[in-house]
Amino acid sequence: MLRKVNSYRAGVGKIDFGYSNATVVSLLNSFPWFKSVNPLFRPVALSVYALFCLVGIACALVFPTLSVFLAKEIGVRPLMVGIPFAGIALASMAYNHFIGHWSDGLSDRRPLISACCLVGALVCLTLAYSRNYWVVAAVIVIFLSFAMVSFSQLMAYSLDYAKNNIPEDRAPLFNAIVRAQIAIAWVVGPPAGFLLAAYMGFSFMYLLGAGMFLVVSVLIFKLLPHLNPHAVEQVEKPAAQPLGVSEKRALILSLIGFSLMWGANNAYLISFPLYLKDGLGISTEWMGGVMGTAAFLEIPFMLLAGHYAARIQIMTLIKVAGVAALILYMGVYFGTHLWQFFALQIFNAMFIGVLAGLGVSVIQDLLPGRSGMASGLYTNTTHMGNLLSSLVVGVVADMFGYHQVFAANLLIIASAILAFGRVKVKN
């Protein structure tokens, strides 16, 4: 029998498997293939990818269908559709700020991730059985926002793991693979969600989402080992220099630009299914296919963006992404046939692939030595974008219809490109 003790050292980090270091290492080294296994594809790394993908699919089943659920299943006007999305944005910013800071002091992130998934299951159960708008809105704002913290906490776990068990030169690729699981999840989640809602009903679809959240809450403990936080070496870093006036200006303009871009994207996600159904008479089940196509195409664009970022200024690539967004929303505004919307997803993929893949790098370049602050600020641009989109959808769609939301998106993206154009970057 293997003798139980506290930790096992994998690479240069400590992972608590519950068995003695010497015994496990001896056992694993008896298999010649273990030494040659790429650290990106060892069991824990594969488990991180799988769980990130599963959580992503569960959220991709729920989130894209919410606007149709509120508008068609519950039967509320566009302004009332926008209110919960504004609440999600505000609550998410608060949760990420307070829980993110508090979680850094935890000795084990897994219970928190599991708790978030359990809350996600309760949200899905409520959506499956309740048709009271105020109950649904309250649950979405208070509890769905909390459930989505599972993403940031699972990402934090992956960063902790990579810091001690992935070679430094392969850590960026590991992080890219983790982020790519979101795109993969959106290839599967939205098409499945809209198809299930169309043929099986919203209740069945949300019950399936609840089941997935429950499965992940259990697998977190089954597949992921406890990471020893004391294994991280404390390296003294030089104090970050205060920002000058020009750097502060560039940072503010970049944060505004990213918030505008994310706002336009989320307004599109909320409005497009309803525009297809009400404006063009196209079944909303096709929206899942359109979203899945975009997510599938995002993966190569994300990788290409990372490849060319070493050769081309990142800000230039961000502006190119903005131009792609202009083409997308103009095409959606004037498009009348389903095949046109599928074809336009190449521009959607270019837009989101570059934005998601390189956006945080822009903020990190503007905040050298402050990686934690940079990632936090960039994450909040997505929440500010969600807040903006809820206001745009609530006001514009309520007054002029969902079709005019895409015209508003053109103005929003043009404003974002102008903001980025005023950012002075170092050569």
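Residues numbered from 1 in each chain as written. Predicted model: local features only at pLDDT ≥ 70, side-chain atom pairs only at ≥ 80, totals over all residues. Heavy atoms only, no water.

Visitor: So, the environment of Val48: which residues are in play, and what are the values?
Guide: Locating Val48 in the fold gives a position in helix α3 (residues 43–62). For Val48, a relative accessible area of 0% translates into the label buried. Considered as a pair, Val48 and Tyr161 are 113 residues apart in the sequence and their alpha carbons are 9.4 Å apart. Contact partners of Val48, with chain neighbours within four places excluded, come to Tyr157, Ser158, Phe174, Val178 and Leu224. (Helix = DSSP H or I, 4+ residues; strand = E, 2+ residues; numbered from the N terminus. Buried < 20%, exposed > 50% of the residue type's maximum accessible area, 1.4 Å probe, protein only. Contact = heavy atoms within 4.5 Å.)

Visitor: Give a description of the confidence of the model for the protein that names residues and reports values.
Guide: On average, residues of the protein score 80 in pLDDT, and 81% of them reach the 70 mark or higher. At the level of individual helices and strands, the protein shows its lowest average pLDDT in strand β1 (residues 8–10), which scores 34, and its highest in helix α16 (residues 403–421), which scores 94. Here residues 32–36 is modelled with pLDDT under 50, and outside its nearest four sequence neighbours on either side it reaches six contacts, counting other chains as well. pLDDT under 50 marks residues 232–237. Its contacts with residues more than four places away, or in other chains, come to two contacts. (pLDDT = per-residue confidence, 0-100.)

Visitor: Before we move on, could you go through the packing of aromatic side chains and cite the residues and values that matter?
Guide: Considering all chains together, one arrives at 15 aromatic pairs under this definition. With a centroid separation of 4.9 Å and 75° between ring planes, the pair formed by Tyr133 and Trp134 is classed as edge-to-face. Exposure remark for Tyr133: the relative accessible area of 7% places this residue in the buried category. Relative to Phe351, the ring of Tyr329 lies with its centre 6.5 Å away and its plane at 80°, an arrangement referred to as edge-to-face. With Tyr329 in helix α13 (residues 314–334) and Phe351 in helix α14 (residues 338–366), this residue pair connects regions lying 22 residues apart in the sequence. Accessibility expressed as a relative area gives 0% for Phe351, which makes it buried. One aromatic cluster is present, formed by Tyr268, Phe272, Tyr275, Tyr329, Phe341, Phe351 and Phe406 through successive ring pairs. (Phe/Tyr/Trp six-rings, centres within 6.5 Å; stacked < 30°, edge-to-face > 60°.)

Visitor: If you had to explain the pattern of salt bridges to someone new, which residues and values would you point to?
Guide: Taken as a whole and judged by the stated rule, the model has three salt bridges. Where Arg131 meets Glu73, a salt bridge forms, and the shortest distance between an N and an O atom there is 3.2 Å. In this pair, Arg131 sits in the loop between α6 (110–129) and α7 (133–147) while Glu73 sits in helix α4 (residues 66–74), placing the two residues 58 residues apart along the sequence. A residue is classified by how much of its surface remains accessible, and Arg131, at 30% relative accessible area, is partly exposed. Put simply, Asp398 and Arg77 hold a salt bridge, and the shortest N to O gap is 2.5 Å. Of this pair, Asp398 sits in helix α15 (residues 371–400) while Arg77 is found in the loop between α4 and α5 (78–103), placing the two residues 321 residues apart along the sequence. By relative accessible area, which is 48% here, Arg77 ends up partly exposed. (Salt bridge = Lys/Arg side-chain N within 4 Å of Asp/Glu carboxyl O.)

Visitor: Describe the state of the cysteines, naming the residues involved and giving the relevant values.
Guide: The tally for this structure, following the rule as stated, stands at zero disulfides. Cysteine Cys59 is unpaired, with the sulfur of Cys117 as its nearest cysteine sulfur at 8.0 Å. Since its relative accessible area comes to 10%, Cys59 is described here as buried. Considering cysteine sulfurs only, Cys59 is the nearest to Cys124, which forms no disulfide, with 8.3 Å between them. (Disulfide = S-S within 2.5 Å.)

Visitor: Residues and numbers for the packing of α6 against α7, please.
Guide: Running from N to C, α6 and α7 cross one another at 160°; their axes reach a closest spacing of 8 Å. Our classification of the angle between α6 and α7 gives roughly antiparallel. Like other packed secondary-structure pairs, α6 and α7 cross with a definite hand, here left-handed. Facing α6, whose interface residues are Leu112, Ala115, Cys116, Val119, Gly120, Val123, Thr126 and Leu127, α7 presents Val135, Val136, Val139, Ile140, Phe143, Leu144, Phe146 and Ala147. When the residues that make up the contact of α6 with α7 are grouped by side-chain class, the tally is 14 nonpolar, two polar and no charged. (Axes fitted to C-alpha atoms, helices over the stretch in contact; angles between N-to-C directions. Parallel < 35°, antiparallel > 145°, perpendicular 65-115°, else oblique. Left-handed = near helix turned anticlockwise from the far one by under 90°. Nonpolar A, V, L, I, M, F, W, Y, C, P; charged D, E, K, R; others polar.)

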